[in-house]
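Letter by letter, the chains look like this.
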Amino acid sequence: MKPAPFDYLRADDISAALSALHDAGEDARVLAGGQSLGAMLNMRLAKPSLLIDIMHIEALGAIREEKAALVIPACVTQEALLRRSDLHPLLAKALPWTGHVQTRARGTVCGSIAHADPSAELPLCLALLGGEVSIRSRRKRRTVQAADFFRGMMLTDLRPGEMIEAVRIPLARKNQRFAFTEIGRRHGDFAIVAVAAMREGDTLRLTVGGVNDTPAIREWATLDTADIPDALNDLAWSLDARDDLHATARYRRDLMRNLGRIVIEEVSS
Amino acid sequence: MTTLAATETHTVRVRLNGRAVEGRATPRMLLTDFLRHELHATGTHVGCEHGVCGACTIRIDGALARSCLAYAVQVDGATIETVESLAPERGRLSVLQTAFQRHHALQCGFCTAGILMSLDTLLGAEPDAGEDRIREVLAGHLCRCTGYQPIIRAALDAAARLREGDADA
Amino acid sequence: MLDACDHRSEDTLRVEDPPLLTGAGAFIDDLGTPPGTLHAAILRAPHAHALIEGIDVGEALTLPGVSAVLTGDDVRRLSRPLMVGVKAPIEAWPLAVGKVRYAGEPVAVVVAESRYVAEDALDLIHVSYRRLPPVMDPERALADDAPALHERLDSNLASERHFRYGDPEAAFARAAHEVAITVRYPRNAVTPIETYGVVAQYDPHEDAYDVLANFQGPFSIHAVLSRALDVPGNRLRLRTPPDSGGSFGIKQGVFPYIVLMALAARVAGAPVKWIEDRLEHLTASVSATNRVATLRAAVEADGRVTALDLDQIEDVGACLRAPEPATLYRMHGNYTGAYAIPNLAIRNRLVMTNKTPTGLNRGFGGPQMYFALERLMRRIALELGLDPLDVIRRNLIPADAFPYTTASGAQYDSGDYQTAVATALEDGGYAALLERREAARAEGRLYGIGLAAVVEPSVSNMGYLSTALTPEERAKAGPKNGAQAAATIDLDPTGAVSVQLDSVPQGQGHRTVAARLVADILGIDPNTVRVIAEFDTAKDAWSIAAGNYSSRFAAASVGAVKIAAERLRDRLARIAATQLNAPAEAVVFEDGRIFAEGNPDNAVPFARVASASHWAPGTLPDGMAEAIRETAFWTPPELAAPTPEDGINSSLCHAFIFDFCGIEIDRTTGQVHVDRYVTMHDCGRVLHAGMVEGQIRGAYANAIGATFYEEYAYGDDGAFLAGTFADYPVPTAMEVSDPLILHIETPSPVTPTGAKGVGEGNCMSTPVCLANGVADALGSEADLVLPLSPARLMPLIGGEEPQPPAGAAPRPEPASGGRTLTGSGSAQVAASPQDVWEMLLDPQTLKSIIPGCHAVEEVAPHIFRADVTLGVGPVKGRYIARVALRDLDPPNSVLLEGEVNGALGTGGGTGHVTLTPAEGGTTLAYRYEAEVGGKVASVGGRLLDGAAKIVIGQFFEALGRQAGGAKPGLLARLFGGRS
């Protein structure tokens, strides 16, 4: 299980990475922590001609706060964010579910967003929180809302020549409450179903991962306790739950109903 | 900053277990293969090459890493520590290694190298780590022989001894 | 209780550990290789069942660094098929010859300067296959119309045997009740963390092979290997490395690769090394058998079972590979388990299906058998309204009945099952557990208690396999029996002691146990004894039973060590006696000294006596053989060949296990929490408490995997679905609980040390104990199929699912197996149906609208061949697609049948397209069904649905664009100017 040949470029700064990305076009991949890409390369599921290693770009290494948002640049590892879990209550709840200590130590936050696995925790959080993805190409910068960024299973709004420079997550406000839970086959596995909830006043927002090809978002301006079971059942049936090796469509719907209730209760209590 | 060509070998220099060493690698050479077959540090084992089993876990610049998910060229200039670094000297064992032996925390020993690296890192960073935390860190590794409980006992024992200042068991 | 282990704590430390803990182990991939060693990679079948119509290796051979490519033709030319254990025209080859019979079957071997280059070359080998319908289900494989896997055999039935012991018909006729159960046991394996490895060399001058492999035995396979390589046994030198990264039976399955790499070395003219990767291992190494068993019991009113009737269908996969059908026959003497059931009928059928061939796996036949038997015992209790514990206790073999001969001929050597059960209940807190269950249930929680009683056989009779033959066939073939164990002890010229084992340890600490035993016998420090565990058929003493399986070490290999050590001690005693002027019987060995009893001050050093045969043979007592090397072979006389009545003492020792557990099922998630697990073992004398505990804990963890997580799953189309550790979820420290381990000891009278095997028992007892607990919690006797995943349990808890809200669109239920990718959609195209129709039939248009298409040609009317790159995100691969248009109804509808083939896998499917005139153009509606196989199915199953949707969506989007291309105005309207 060895990768196909690829050229390798260690970029010292972002402009070098972007011009290499521009020149190589679709055949290049950005290599950050490599926790998802590495496995795909080793299995030859992915055969890029060039890997552009961005992990030595110092400017992308530190989390910062900016205009009531948390800015997490491309080289910040999941473990580094977890160590600053004081920064956001939802991240503190969700990040321990992301892989294992050993993969979080190298896996990056932006890498997980770029990989856009529908079962992953970070895309789910980004979607729930209404985060943004800051994208750069050699000549352009643009910002995309999380809801628009995820286009499908491992498909994003990123175009050839572009990379994620950072993700921005609005800081939690005092009146917001968060909850997160998921079920996988084992601890650290991809979620069969993951749900995250946020309540702000009467408004309740729920995102579901592991079912559709992208994080699914529902929002209720008000939701009476008595209506919760029906609302969750509607949600469960409205998503594209399917059978796979690890779970049935029915089980996924069961989890949406049951885990949904748990997170809603948690943010409502 | 030049692109390393896929078809050529390139010199990769690392500080491996305290020693400056170098070897040759094509860009696609896995770090596991580089460590084991170029640098002849065969203590790090390969169990899955897709980042799940944990046998190949090492430290790169102080942080845990699956060496099967890294390429040799990525670590040029880095400091690498593997299981070969853990014993205080040849012929002796570290506190953690001794605890493993005492508690039968290994049988075939194949997954052990990675587990030791994770637990050594944990106990270094969190000397007070309790059973739940140890279990969580250990969950990044697959072991087929021991049923894990002896490993947890060994780690707890080692943690206690290290807290008491027992340098090498 | 564990007096054999009552040593100082440092005595219990393993000599194996320090190198393993410091990274100095010597596993096969850690060892140096001969100069010029090349590296192999294997091309594997993407299909479960297909004829190989051609293999083109030309391009692969031109890749720089490639030395040779081996195909089925080479294998057929240079070797003979692997021997098969029953009389049936089944050819088993290490590489597909003419036909592939399971996904992942080796099809070609590339030998190159590195593994990297060898894998590059795999992508350049072009194989054309003609797909055949696969046969995946063992019951369906027996149907008359099922496609046969092996042409020379009309059906997929490799063997059928009926056995009858006592008078089962009469017992059933008399019985107050008859209780039956059918159990489907799935495929799984205790896959070790180290994969297979082989380094092979060929010497053309001597026509001899030299192979290093992490093979675990049994070395009866050596005969299979040398026969396949067509050389006498002495021309196949088989060696094992000092360390092996676990086996659990699985590394027996490396043997076809020994043949394959030996042939590769011969063809390449250089040593060849192959290290299996994880994907190869999970897909195609070896699996335990899956089995369909129907058990019927004749039961008295009090729950006593008077007869058992077993109908077993054993699925051995694509061919019967040695030593199968051993999984079925290993337990032949034990089918009545721990119970005194005098009447027994068995029907055994061996069936072949398009799955990986089976072989050894920890528990070997026990998990399959006990899952059925102990589920039946619980069902008997329920149907008769009895306490399951009482049913077990009433049927246990009485303590005064030992040695006990079972209906099918096993001689249970020793045991006291009643004491074991009573002790377990008492020390394991069974009464408290009952209360705990009651309290939990009072709160509405789903809490259950499970039980299992199991007899764990060890030290296999090498003759049990011949029970698969009829008595007449056996008579013709000659008797097979015994279990020769061997050990050699050397005294070197310095008087130091070395021991050579035949047990091929896989991490169990055999060297430590053997060193201690020899040291005890010779009165020397265990640390001075060196035990060599690596194995060499050219230089070691060995026989066919050698190896690491059937838990034979403690009972058999250690026995041989003990005999060899005692023989040497006796000879040394005679030498010492002359020096000490004492009778040999009075010579004492202690603390490295030898002296006459009662006179320790007048001692001679052990080393001087031990070296005397080297330096001063003339001083040896007259007529005495030298004391330099002693090899002991030991075979238990109890292991006789099958009787003409098919009675077989299939194993030498029979340990007893009684387990009980308390489990809780989470109503919210369907997950099972093991609240309490108690496992009582009587494995005879315990030789090393720490290692016995290690064996039990390891087997328990393996069983947790088999019970809740692991399955070698296949799609109905034969695709293998569990190719990574993400899809084959081996449990971690978060999933494995801590069992309470209890012991009693009834030493075995038939082994030199009184020990019995202990390594496999919990793989037999734990899955069914937990399943019985789950059944108890559910309060239902639904058929439980492993693994007991939450998705399987949830419908049993919650009953009917809440209905979809009124007005919701019904969702198409996926085809059975859940593996078929289905989808549908529609698109508005700004062109008339006739224009769209013409586009669909035009290669040039197709080229521009098929996603990632490089070229399209129409190879025959309405049959197109396309070269395409398909994928999502970073996952991309190049494929050759063949698409045929059928049922053409211009310009209204068409059926597309397609197949794609590429390095990442294969796919096939149909799409139904209808064109309806609509305002401003055409409504194009499509519906598809597709199946995907090969690598991408086994490693990326999770991604496929999404990928299919995306690729197909892209196709129709492009079609719309193309149609609009002729009418730009419409395009702008339809797509809002996008793209």
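Residues numbered from 1 in each chain as written. Chains lettered and ligands numbered in written order. Predicted model: local features only at pLDDT ≥ 70, side-chain atom pairs only at ≥ 80, totals over all residues. Heavy atoms only, no water.

A.B. asks: Looking at this structure, how should I read the environment of Arg347(C)?
C.D. replies: Residues and elements named next belong to chain C. With respect to the secondary-structure elements, Arg 347 resides in strand S15 (residues 343-351). The partly exposed category is assigned to Arg 347, whose relative accessible area is 26%. Once the C-alpha coordinates of Arg 347 and Phe 163 are considered, the two residues, 184 residues apart in sequence, prove to be 6.3 Å apart. Beyond its immediate sequence surroundings of up to four residues, Arg 347 is in contact with Glu 160, Arg 161, His 162, Leu 310, Asp 311 and Gln 312. Only 2.8 Å separates the side chain of Arg 347 from the side chain of Glu 160, close enough to count as a polar contact. (Helix = DSSP H or I, 4+ residues; strand = E, 2+ residues; numbered from the N terminus. Buried < 20%, exposed > 50% of the residue type's maximum accessible area, 1.4 Å probe, protein only. Contact = heavy atoms within 4.5 Å. Polar contact = N/O pair within 3.5 Å; in protein donor to acceptor, adjacent residues only side chain to side chain.)

A.B. asks: So what exactly am I meant to see when it comes to the interface of chain C and chain B here?
C.D. replies: Much of the literature gives interface size as the accessible area that the parts lose upon coming together. Of the residues lining the interface, 53 residues belong to chain C; the matching set on chain B comes to 48 residues. Carbon and sulfur atoms make up 59% of the surface buried where chain C meets chain B, a total of about 4000 Å² over both sides. Of all residues in chain C, the largest losses of buried area upon contact with chain B belong to Leu21(C), Tyr116(C) and Ile193(C), amounting jointly to 20% of the total for that side. Between the two partners, chain C and chain B, sit five salt bridges. Between Glu710(C) and Arg144(B) there is a salt bridge whose closest N-O contact spans 2.8 Å. Taken together, chain C and chain B are joined by 21 residue pairs in polar contact (both at pLDDT 80 or more). (Buried area = accessible area lost by both parts, 1.4 Å probe. Salt bridge = Lys/Arg side-chain N within 4 Å of Asp/Glu carboxyl O.)

A.B. asks: How should the state of the cysteines be read in this particular structure?
C.D. replies: A covalent bond between the sulfur atoms of two cysteines is referred to as a disulfide. By the definition in use, this model includes zero disulfides over all chains. In this model Cys143(B) remains outside any disulfide bridge; the closest cysteine sulfur is found in Cys111(B), 3.8 Å from its own. In this structure Cys143(B) comes out as buried when scored by relative accessible area, which is 5%. With no disulfide partner, Cys653(C) has as its closest neighbouring cysteine sulfur the one in Cys683(C), 10 Å distant. (Disulfide = S-S within 2.5 Å.)

A.B. asks: Honestly, the domain arrangement of chain B in this entry has me stumped. Any pointers?
C.D. replies: Residue and element names in this part refer to chain B. Each assigned domain of chain B is listed here: domain 1 (10-85) and domain 2 (95-163). One C-alpha centre belongs to domain 1, the other to domain 2, and the line joining them spans 21 Å. Contact with domain 1, which involves 17 residues of that partner, is made by 14 residues of domain 2. Summed over both partners, the interface of domain 1 with domain 2 comes to about 1100 Å²; 60% of that surface belongs to carbon and sulfur atoms. Looking at the side of domain 1 facing domain 2, the largest losses of area belong to His 45, Arg 59 and Val 83, adding up to 38% of the total buried there. Between domain 1 and domain 2 we count one salt bridge in total. Close ionic contact of Arg 59 with Asp 120 constitutes a salt bridge, the shortest N to O distance being 3.0 Å. (Domains from an automatic or database assignment.)

A.B. asks: Hey, could you run me through the interface of chain A and chain C in this one?
C.D. replies: Taken together, the contact between chain A and chain C spans 50 residues of the former and 59 residues of the latter. Counting the surface lost from both chain A and chain C, the interface buries some 4800 Å², and carbon and sulfur atoms represent 56% of this. When the area that chain A buries against chain C is broken down by residue, the three leading residues are Leu45(A), Arg185(A) and Arg186(A), summing to 16%. Here Arg44(A) ties to Glu119(C) by a salt bridge, and the two come within 3.7 Å at their closest N and O atoms. The tally of links from chain A across to chain C stands at 22 residue pairs in polar contact (both at pLDDT 80 or more). Secondary structure elements with two or more residues in the side of chain A that touches chain C: helix H2 (37-42), strand S11 (176-184), helix H9 (228-238) and helix H10 (249-268) of chain A. It is H10(A) that contributes the most residues to the side of chain A that touches chain C, ten residues altogether. Looking at the side of chain A that touches chain C, its residues break down into 22 nonpolar, eight polar and 20 charged. (Nonpolar A, V, L, I, M, F, W, Y, C, P; charged D, E, K, R; others polar.)

A.B. asks: Explain the sheet that holds strand S6 (residues 126-131) of chain C to me, please; I cannot follow it from the model alone.
C.D. replies: Strands pair in a sheet through their backbones, by hydrogen bonds, and they do so in one of two ways: parallel or antiparallel. Residues and elements named next belong to chain C. An order of S4-S2-S6 is seen for the three strands of this open sheet, with the pairing classed as antiparallel. In the strand order of this sheet, the two ends are held by strand S4 (99-100) and S6, each with one partner. Where strand S2 (residues 50-56) meets S6, six bridges bridge the pair, whose relative direction is antiparallel. Note that in S6 the partner of Asp 56 across the bridge is His 126. (Pairing = 2+ DSSP bridges.)

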